[in-house]
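Listed below are the residues making up each chain.
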Amino acid sequence: MNENYDVIVLGTGLTECILSGLLSVEGKKVLHMDRNDYYGGDCASLNLTQMFRKFRDGASPPEAFGRDRDYAIDLIPKFMMANGAFVRMLTHCEVTNYLEFKQIAGSYVFRDGKISKVPANEVEAVKSPLMGLFEKRRAKKFFEWVQTYDVKDPATWQGLDINKVTMAEVYKHFGLEPGTQDFIGHAMALHLDDSYINKTAKDSFDRIVMYTLSVLRYGKSPYVYPLYGLGELPQAFARRSALYGGTYMLHKPIEEVQYDAAGKVTGVKSEGECAFAPIVIGDPSYFPSKVRDTGKVIRSICLLKHPIPNTDDSDSVQIIIPQNQINRKSDIYIACVSSAHKVCAPGYYVAIVSTKIETSTPELELQTAYELLGPIAEKFVSIVDIQEPTADGAADGVYISKSYDATSHFETVCEDVFSIYKRVTGKELHLKSWEELQAQAEAQGQ
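Residues numbered from 1 in each chain as written. Predicted model: local features only at pLDDT ≥ 70, side-chain atom pairs only at ≥ 80, totals over all residues. Heavy atoms only, no water.

Q: Is there a simple way to think about the pattern of salt bridges in this case?
A: Side chains carrying opposite charge are able to pair once their charged atoms draw close together. Throughout the structure, instances matching the rule amount to 20 salt bridges. Measuring nitrogen to oxygen at the nearest pair gives 3.8 Å for the salt bridge that ties D112 to R111. The exposure class assigned to D112 is exposed, which follows from its relative accessible area of 64%. The residue K140 makes a salt bridge to E144 at a minimum N-O spacing of 2.6 Å. Residue K140 and its partner E144 are located together in helix α5 (residues 133-148), separated by 4 residues, close to a single helical turn. Residues joined by salt bridges that share partners form a network here, namely E135, R138 and E177. (Salt bridge = Lys/Arg side-chain N within 4 Å of Asp/Glu carboxyl O. Buried < 20%, exposed > 50% of the residue type's maximum accessible area, 1.4 Å probe, protein only. Helix = DSSP H or I, 4+ residues; strand = E, 2+ residues; numbered from the N terminus.)

Q: Before we go on, may I ask you to explain the packing of aromatic side chains in this structure?
A: Any two aromatic rings considered together are summarised by their centre-to-centre distance and by the angle between their planes. According to the stated counting rule, one finds 16 aromatic pairs in the structure shown. Considering the side-chain rings of F55 and F380, the 5.5 Å spacing of their centres and the 50 degrees angle between planes classify their relative orientation as tilted. Here F55 is found in helix α2 (residues 48-55), whereas its partner F380 is found in strand β19 (residues 378-389), with 325 residues between them in sequence. Ring plane angle 90 degrees and centroid distance 5.8 Å describe the contact between F79 and Y225, whose orientation is recorded as edge-to-face. (Phe/Tyr/Trp six-rings, centres within 6.5 Å; stacked < 30°, edge-to-face > 60°.)

Q: What is the right way to read a nonpolar patch on the surface from this model?
A: Judged by side-chain polarity, V25, L243 and Y244 come together as a nonpolar surface patch covering roughly 290 Å² of accessible area. By secondary structure assignment, the location of Y244 is in the loop between α9 (232-243) and β10 (247-249). (Patch = residues over 30% accessible without salt bridge, like charges linked within 9 Å, V, L, I, M, F, W, Y side chains within 5 Å. Areas by Shrake-Rupley, 256 points an atom, 1.4 Å probe, with all protein chains shown as cover.)

Q: Can you walk me through the pairing of strand β15 (residues 291-304) in this structure?
A: Within a regular beta strand, the side chains point alternately toward one face of the sheet and then the other, so they alternate between its two faces. Relative to β19, β15 runs antiparallel, the two being bridged by 12 bridges. Its bridge partner lying in β19, K296 is registered against D385. In this sheet, strand β18 (residues 349-356) lies alongside β15 in antiparallel orientation, the contact comprising 8 bridges. Across the sheet, residue I298 finds its bridge partner in β18, namely T355. (Pairing = 2+ DSSP bridges.)

Q: Can you walk me through the pairing of strand β8 (residues 114-117) in this structure?
A: Pairing geometry for strand β7 (residues 106-111) and β8, over 4 bridges, is antiparallel. Looking at β8, one finds that Y108 is bridged to K117. Between the antiparallel neighbours β7 and β8 lie 2 residues, among them D112 with a positive phi of about 55 degrees.

Q: What is the right way to read the domain arrangement of the protein chain from this model?
A: Accessible area lost when the parts come together is the quantity often used to give the size of an interface. The domain boundaries assigned to the protein chain delineate domain 1 (2-44 + 230-292 + 388-444), domain 2 (48-105 + 293-387) and domain 3 (117-218). Inter-centroid distance (C-alpha atoms) of domain 1 to domain 3 is 36 Å. At the interface, 6 residues of domain 1 touch 5 residues of domain 3. Summed over both sides, the interface between domain 1 and domain 3 buries roughly 420 Å², with carbon and sulfur atoms accounting for 68% of that surface. The tally of links from domain 1 across to domain 3 stands at 0 salt bridges. Between domain 1 and domain 3 we count 0 residue pairs in polar contact (both at pLDDT 80 or more) in total. Broken down by class, the residue content of the side of domain 1 that touches domain 3 amounts to 1 nonpolar, 2 polar and 3 charged. (Domains from an automatic or database assignment. Contact = heavy atoms within 4.5 Å. Buried area = accessible area lost by both parts, 1.4 Å probe. Polar contact = N/O pair within 3.5 Å; in protein donor to acceptor, adjacent residues only side chain to side chain. Nonpolar A, V, L, I, M, F, W, Y, C, P; charged D, E, K, R; others polar.)

In structure tokens form, the structure reads like this:
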């Protein structure tokens, strides 16, 4: 401490660790601090004793659950799109050497009171109960349009300029039923609610393409997940940062963020010592006066002794319950992993249910999801505020990340990383393309 740095980062959440890694690689002198004695912040992975300490006032976990070291339970549920921006970010930052991944076995959507697998290929599409015969023909034409659409060739547009028409107009053009719109918009494009329908189609189109390419990358589902839990991700970026001179301090209480007379940040004070920097990055919990609440999320971490029913005994799945199916304003997400992913003892499954709270009885909002899970051996419920910064950081040099939302994928986290990186550095974060990454891997003999 009592040193000068280019950047001080507060909190070891994933967003903060990614930015710390990116800036360290670029030659910035980075100090990274966290009040906790573990990496990950809100997206940490905890063992069973830590879970009971956090949610059960320190009670000891039942012996029936097995060894403590077999558990690495995520506090938030997030999967990675195999062809999405987050996996590109991992590869771009060269942190994949520290991680092992396993594919998620299936992606499911709730419709008409039951769950069905989102088709991963043409064979599954033909057999899917999500659509009737005639609707499958209409959907086939829609996906053919997506596959052949070329922004440079209007002849491929079928009169639909995705930069001008809305998704409502696209759905109408192909005559797609509301149920089909639900699984395209929520299970493939992964929108949080139906507000996307009246916006231009470009964003949804790009999301559908990413989903399709992610499925094609490995088959079965578009998602991958790190062995030993999401807590491995911030640690991997921390290792990368340390390799380039980044300094990490855990279990460091932040007594004060300091500013000069003009209101510009000058550094932080911890345990009587000061560290100085013109830029401070941190999660909302370190800056309560500089953030606003945008809602609340409920997360229910459920330990099961069985795979989720009606998923072909899959060791891992994502299930999306679209808002329209249960008269809500936002979707409910279920992310399930198991001992195959090194996150719980053999014979157990971890299913995390999450959604944005809409009523005064939040856990009752999860009832449909609980019914899909079957008997629950243990349950840990948390309600958290979703927060975002009230300013962009330009005035005072303080750049604050957003809270993790209810989605069970990392694309919204990537958007936040891109935004903060540009605000801090003044330039866009350009990730290498898949072609460039492949060429780089071949050059390195991988």
